[in-house]
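Residues per chain, in single letters:
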Amino acid sequence: MARRAGAPEVSAGSMADIAFLLLIFFLVTTTIETDAGLDRMLPPIEPPETDVVIKQKNIFQVNLNKDGQLLADGELVNLNQLREKATAFLDNGGAVSGSPDYCNYCKGKRDASSSDSPAKAIISVKSDRETKYGTYITVQNELVGAYNDLRNREAQRLYKRNFTDMEAEYLNPETDASVKEDLKKRVKRIQELFPQKLSEAETSSSSN
Amino acid sequence: MSKFAKKKDGEVPAVSTASLPDIVFMLLFFFMTVTVMKDSSVKVANELPQANEIKKLEKKDRVITIYVGAPTKEYTKTFGTEPKIQLNDKFANPNEVGDYILMERAKKSQELQNVLTTSLKVDKNANMGLISDIKLELRKVNALKVNYTTYEGDAFKN
């Protein structure tokens, strides 16, 4: 009866089963959060104190009707042509050289009847109350894409890097503070070259 | 009779499973650490649209989420099939959005209150009328930073 002295060994054979059970529970309950999207600032509700007069040629009007058809600057266009049109409008740089608005980095057509400079150009999106949200997001995505294309072009020229990469690194909380400081200047600089001016008009109702 | 004659031919030795619990535990800990428990269940159809020019929403503690979509099957009887707004755990009207935002904002710590983002998780089949009502409410309470939360993908498939 010498065996009695030590405590009997507990069988660990079922350990794997228990662990499996827990594992499956966590596998099933895990959800990978979707936490990315299009950032947008809404206009404040108080109207600005002084009325700003904007020239018609500096506004790129995008209208979206309830069937998902798109009217850009008075022309019926396809969704996949929108980016091209928006880019051409933003990059136009129509102001004559020597004027304060002259844009020396624009590579557009310099059409006098289109926008003066990227800083003046405004894109206005108007949608119907019955427009599908998915279509609206596509339009927003294309317009943001147009800005990003132009910003990337300038960032490549000045810093040999894409703007979107720089911005992502700048916004990443794991980036070093010293690197961030450096990136902040660059991001700001590019943003000043092509400021994002997307205005959202109130939706209209199709009945009137 | 030699010493080694006991071995029978063709018998495969059993693989030891002693390390199986270790492997499983390793996996278990991995999933335990990455799991985020949802604080509210989504009661609306919520298939987000796709976009590719997206930015990540860093720092979850600075985000207030609003769900919009048609009520799921078990709720269609009571709430119908028209897209609805879901705040926390209940359905709401557009005019309740402002109060909800103010309430959520008050829960956050002082230094975060000015940097909050409102994440709009809207089903892609919802219509813009409801969204613009929400946007108007958000502007009324000065919650101007919004994020149209989307999946990453081809925007033309929406």
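Residue numbering note: each chain is counted from 1, following its sequence as written. Both sets of labels track the order of writing: A upward for chains, 1 upward for ligands. Restriction of local features to residues with pLDDT of at least 70 applies here, the model being predicted, together with a cutoff of 80 or more for giving and counting side-chain atom pairs; totals for whole chains, interfaces and linings are based on all residues.

Novice: Break down unusual backbone geometry for me, citing the residues and quoting the values.
Specialist: The phi torsion at Asp73 of chain A lies on the positive side, around 55°, for a residue other than glycine. As for its placement among the helices and strands, Asp73 of chain A is situated in the loop between strand 3 (70-72) and strand 4 (75-77). Buried, partly exposed and exposed are defined by the number of other C-beta atoms within 10 Å of a residue's own C-beta, namely 20 or more, between the two limits, and 12 or fewer respectively, with C-beta atoms placed from the backbone. Under the C-beta neighbour-count criterion, Asp73 of chain A is labelled partly exposed, with 17 such atoms within 10 Å. Phi angles above zero are rare outside glycine, and Asn142 of chain B is one such case at about 65°. Here Asn142 of chain B lies in the loop between helix 4 (128-140) and strand 7 (145-149). Think of it this way: any DSSP run of H or I at least four residues long counts as a helix, any run of E at least two long counts as a strand, and we number them from the N terminus.

Novice: Let's hear about the UniProt feature "transmembrane region" (unreviewed entry) in chain B: which residues, and what values?
Specialist: UniProt positions are given in the numbering used here, feature names are shortened, and annotations may be inferred rather than shown by experiment. Under the UniProt annotation, "transmembrane region" (unreviewed entry) lies at residues 12-32 of chain B. Helix makes up 62% of residues 12-32 of chain B and strand 0%, with an end-to-end C-alpha separation of 37 Å.

Novice: Can you lay out the nonpolar core for me, pointing to particular residues and giving the numbers?
Specialist: With 51 residues, the main nonpolar core has Ala86 of chain A together with Ile66 and Val68 of chain B as its most contacted residues. Tallying contributions element by element places helix 3 (residues 133-159) of chain A first for this core, with ten residues. Apart from the residues within four sequence positions on either side, Ala86 of chain A is in contact with Phe60, Ile123, Glu142, Leu143 and Ala146 of chain A. Working definition: the nonpolar core is a set of buried Ala, Val, Leu, Ile, Met, Phe, Trp, Tyr and Cys residues, joined through C-beta atoms within 7 Å. We call two residues in contact when their backbone-placed C-beta atoms lie within 7 Å.

Novice: Can you break down the environment of Asn148 of chain A residue by residue, with the values?
Specialist: With respect to the secondary-structure elements, Asn148 of chain A resides in helix 3. Separated by 16 residues in the primary sequence, Asn148 of chain A and Thr164 of chain A place their C-alpha atoms 7.0 Å from one another. If near-sequence neighbours (up to four positions away) are discounted, Asn148 of chain A is found in contact with Phe163 and Thr164 of chain A together with Glu53 of chain B.

Novice: Describe the confidence of the model for chain A, listing the residues and the values that go with them.
Specialist: Predicted coordinates in areas of low pLDDT are best not read in detail. Summary statistics for chain A give a mean pLDDT of 81 and a share of 90% for residues scoring 70 or more. Note: pLDDT gives the predictor's confidence per residue, expressed from 0 to 100. Here strand 6 (residues 198-200) of chain A is the element of chain A with the lowest mean pLDDT, 77, and helix 3 of chain A is the one with the highest, 88.

Novice: Which residues make up the interface of chain B and chain A, and what are the values?
Specialist: Residue-level contacts link 50 residues of chain B with 50 residues of chain A. At the level of elements, helix 1 (20-34), strand 2 (55-56), strand 6 (117-122), helix 4, strand 7 and strand 8 (151-152) of chain B are the ones that each hand at least two residues to the side of chain B that touches chain A. Top element by residues in the side of chain B that touches chain A is helix 1 of chain B. It accounts for nine residues. Gly counts as polar in this scheme, as do all residues outside two lists: the nonpolar Ala, Val, Leu, Ile, Met, Phe, Trp, Tyr, Cys and Pro, and the charged Asp, Glu, Lys and Arg. A breakdown of the residues in the side of chain B that touches chain A according to their chemical character gives 26 nonpolar, twelve polar and twelve charged. Across two bridges, the pairing between strand 1 (residues 36-41) of chain A and strand 2 of chain B is antiparallel. The partner of Gly37 of chain A across the bridge, within strand 2 of chain B, is Lys55 of chain B. Two strands qualify as a pair provided that DSSP identifies no fewer than 2 bridges between them.

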